[in-house]
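Summary of structural features
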Amino acid sequence: MNALELISLSKSFGTQKALDNICLSVPTGSRTVIVGPSGSGKTTLLRMIAGFEFPDSGSLTLNGQTLVDATHAVPAYQRQIGYVPQDGALFPHMTVAANIGFGLADSGSNRTERILQLMDSVSLDANMAGRWPHELSGGQQQRVALARALAQQPRLMLLDEPFSALDTGLRSAMRKMVARLLENAGVTTILVTHDQGEALSFADQLAVMRAGRLVQSGHPMDLYRYPEDEQTAHFLGEAVVMPAQIEAGWANCDLGAVPVNSNGFKGQAQIMLRPEQLQVTDASTEGRGCHAVVTERDFAGNTCTLTVELHSQADHAARRSFLVRSTGMHAPPAGSAVQLSILGAAHVFALP
Ligand SMILES: Nc1ncnc2c1ncn2[C@@H]1O[C@H](COP(=O)(O)OP(=O)(O)OP(=O)(O)O)[C@@H](O)[C@H]1O
Ligand SMILES: [Mg+2]
């Protein structure tokens with residue numbers, strides 16, 4: 001069952017179209033991640049779901065209840081939706097404990113206990129309870145905002161870049177902790193992030209926005225492997241994109257004949273491979289890979305990025321360089337002659 005249904009939502013600010021006909025279903029208990037460049041409408045969409053922004057047209061429903069349509073809107077405070085805004089937005093005149101306790105119904109000793117539990121659940125030390133928001137780091141403020149939203153036991157949790165102020169280690173630990181916390185509580189979640197790794201690992205469903213439009217949505221692995229267009233491909237990771245002539249399940253390109261999932265398409269198109277699909281082996285080994293030379297080796301410990309150049313091209317002016325991932329310890333040095341082979345199939349972009 002779908003918890004949330006967004007139906008043809010549109011919103012303009014003056015001449016600026018912030019949301020353009022957004023349709024999305026969010027299954028109950030799932031984690032949906034929204035990614036997209038700055039200004040693509042992510043925050044506007046979350047604010048609309050929370051009830052702080054209203055659509056020019058379209059509607060949205062939560063667990064079958066219409067929250068907003070052309071004729072009426074349920075006010076934000078009646079929606080039972082937890083919202084952690086991009087800037088945390090703590091009440092500056094309230095302590096950490098008072099901020100977190102703001103949404104709690106019970107008073108007395110239970111209340112203090114519950115606040116301390118919530119602080120613990122977001123890894124905030126109990127001795128911070130009496131501090132003021134301006135006495136906290138950005139990351140600590142984000143965690144207080146998260147605890148405050150959790151206190152309301154929401155039906156739906158909206159998180160707008162909640163980990164952006166945390167350093168890498170804490171960020172990944174917090175992400176796992178929050179994912180577990182929300183999953184155990186069975187709370188449907190929508191998270192906005194700029195971090196592609198975070199998006200791919202947190203999401204059950206990934207939605208890519210661009211210029212107010214929802215470009216593509218689906219399982220993160222499908223979007224990574226079969227992106228709708230080149231921009232989406234680059235947005236979700238490094239991509240090797242090149243022109244090819246497609247015929248009968250093969251793409252003829254600079255790398256020779258590469259298998260493709262083309263759904264019967266024939267003709268000229270752009271194809272994409274992820275760098276981890278390119279493999280280098282020693283030039284002297286048996287194989288049918290393209291001959292190439294390593295021109296650069298960028299060693300980064302457990303992985304190594306190689307730049308390789310095809311050197312058996314008939315047309316030397318059309319020499320192409322490719323990025324290839326290799327395990328750090330076995331990567332051939334610059335100047336090595338190698339063979340370049342492909343793992344799996346290339347993806348063909350739909351024609352515009
Ligand atoms: N209240 C407002 N008045 C006018 N324009 C607005 C308003 N809120 C947002 N916009 C515009 O709508 C567009 C979408 O803004 P939004 O904040 O939703 O982007 P975003 O995807 O969250 O970006 P970021 O990644 O930078 O947070 C932008 O062009 C923005 O300038
Ligand atoms: Mg935003």
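Model, not experiment: these values are computed from the prediction.

Criteria and thresholds
- Residues numbered from 1 in each chain as written.
- Chains lettered and ligands numbered in written order.
- Predicted model: local features only at pLDDT ≥ 70, side-chain atom pairs only at ≥ 80, totals over all residues.
- Heavy atoms only, no water.
- 1 Å grid on protein atoms, 1.4 Å probe; cavity = no way out; pocket = protein on both sides within 12 Å on 5 of 7 lines; lining within 4 Å.
- Points joined across faces, edges and corners; volume = space filled by probe spheres on them.
- Helix = DSSP H or I, 4+ residues; strand = E, 2+ residues; numbered from the N terminus.
- Pairing = 2+ DSSP bridges.
- Core = buried A, V, L, I, M, F, W, Y, C linked by side-chain atoms within 4.5 Å.
- Buried < 20%, exposed > 50% of the residue type's maximum accessible area, 1.4 Å probe, protein only.
- Contact = heavy atoms within 4.5 Å.
- Phe/Tyr/Trp six-rings, centres within 6.5 Å; stacked < 30°, edge-to-face > 60°.
- Lys NZ or Arg CZ within 6 Å of the ring centre and 35° of its normal.
- Axes fitted to C-alpha atoms, helices over the stretch in contact; angles between N-to-C directions.
- Near = heavy atom within 4 Å.
- Polar contact = N/O pair within 3.5 Å; in protein donor to acceptor, adjacent residues only side chain to side chain.
- Areas by Shrake-Rupley, 256 points an atom, 1.4 Å probe, with all protein chains shown as cover.
- Expected span 1.5 Å × (residues − 1).
- Arc of directions from axis to C-beta.

**Quick notes on the layout of surface pockets**
Of the voids in this model, the largest pocket is the one considered here, and its volume is about 450 Å³. Lining the largest pocket are 17 residues, with Phe52, Ile81, Tyr83, Phe102 and Gln152 positioned closest to its centre. When residues of the lining of the largest pocket are traced back to their parent elements, those giving at least two are β6 (81-84) and α4 (138-151). In this structure, the second largest pocket occupies an estimated 240 Å³ of space.

**Some thoughts on the pairing of strand β16 (residues 290-300)**
On a regular strand, each side chain points to the face opposite its neighbour's, so the side chains alternate between the two faces of the sheet. Relative to strand β19 (residues 337-342), β16 runs antiparallel, the two sharing 4 bridges. Opposite Ala292, over in β19, you have Val338 as the bridge partner. Two strands pair when backbone bridges link them, and β16 and strand β17 (residues 303-310) are joined in this way by 8 bridges, in the antiparallel orientation. Bridge pairing in β17 places Ala292 opposite Leu310. Adjacent in sequence and paired antiparallel, β16 and β17 are bridged by 2 residues, among which Gly301 carries a positive phi angle near 80°.

**Remarks on the nonpolar core**
Counting 41 residues, the largest nonpolar core has Val33, Ile100, Met119, Leu146, Leu159, Val178 and Leu206 as its most contacted members. At the level of secondary structure, the elements contributing two or more residues to this core comprise β3 (31-35), α2 (96-101), α3 (109-121), α4, β7 (156-160), α5 (168-184), α6 (196-202) and β9 (205-210). Broken down by element, this core gets its largest block of residues, 7 residues, from α4. Excluding residues that lie within four positions of it along the chain, Leu146 makes contacts with Val84, Val122, Met157, Leu159, Met174 and Val178. With 28 residues, the next largest nonpolar core counts Val240, Ala269, Ile271 and Leu278 among its residues.

**Focus: the packing of aromatic side chains**
Applying the stated criterion across every chain yields a total of 2 aromatic pairs. Considering the side-chain rings of Phe91 and Phe102, the 4.7 Å spacing of their centres and the 55° angle between planes classify their relative orientation as tilted. Taken together, the residues span a long stretch of sequence, with Phe91 in the loop between β6 and α2 and Phe102 in the loop between α2 and α3 at a distance of 11 residues. Stacked on the ring of Phe202, the Lys or Arg Arg31 has its end atom at 5.0 Å from the ring centre. Against the face of Tyr224 rests Arg274, its NZ or CZ located 4.0 Å from the ring centre.

**Regarding the sheet that holds strand β10 (residues 213-218)**
Pairing within the open sheet is mixed, and its 6 strands lie in the order β6-β7-β8-β3-β9-β10. Each edge of the open sheet is held by one strand with a lone partner, namely β6 and β10. Averaged over neighbouring strand pairs, the angle between their axes works out to 15° when direction is ignored. Strand direction decides the pairing type here: β6 and β7, joined by 4 bridges, are parallel. Opposite Val84, over in β7, you have Leu159 as the bridge partner. Contacting β3, β6, β7, β8 (188-192) and β9, helix α1 (residues 42-50) crosses the sheet at an angle of about 155° to β7. Packing of α4 onto the sheet brings it into contact with β6 and β7, and relative to β6 it is tilted by some 175°.

**Here's the deal with the pairing of β17**
When you tally the buried positions in β17, you get 6 out of 8 residues, the bulk of the element. Alignment of β17 against strand β18 (residues 321-327), held across 7 bridges, turns out to be antiparallel. Of the residues in β18, the one forming a bridge with Glu309 is Ser321.

**As for the site of ligand 1**
Among the 13 residues in the neighbourhood of ligand 1, the closest are listed as Ser38, Gly39, Lys42, Thr43 and Thr44. In the environment of ligand 1, an oxygen atom lies 2.5 Å from a nitrogen or oxygen atom belonging to the side chain of Ser38. Backbone polar atom of Gly41 to an oxygen atom of ligand 1: 3.0 Å apart, as the coordinates give it. In isolation ligand 1 exposes 630 Å². Once the protein is present, 63% of that is buried.

**Comments concerning α3**
Helix length check: α3, at 13 residues, gives a terminal C-alpha distance of 19 Å against a target of 18 Å (1.5 Å per residue), a fit within 8%. Of all the positions in α3, only Ile115, Leu118, Met119 and Ser121 are classed as buried. For α3, the arc enclosing every buried residue in end-on projection is 160°, short of the 170-degree limit, so these residues lie on one face. The exposed set on the far side of α3, more than 90 degrees from its buried face, consists of Ser109, Glu113 and Asp120. Just downstream of α3 lies Ser123, where phi reads positive at about 55°.

**Comments concerning α4**
With 14 residues, α4 extends 20 Å from end C-alpha to end C-alpha; this agrees with the ideal 20 Å at 1.5 Å per step. Across the 14 residues that make up α4, a large majority, 12, are buried.

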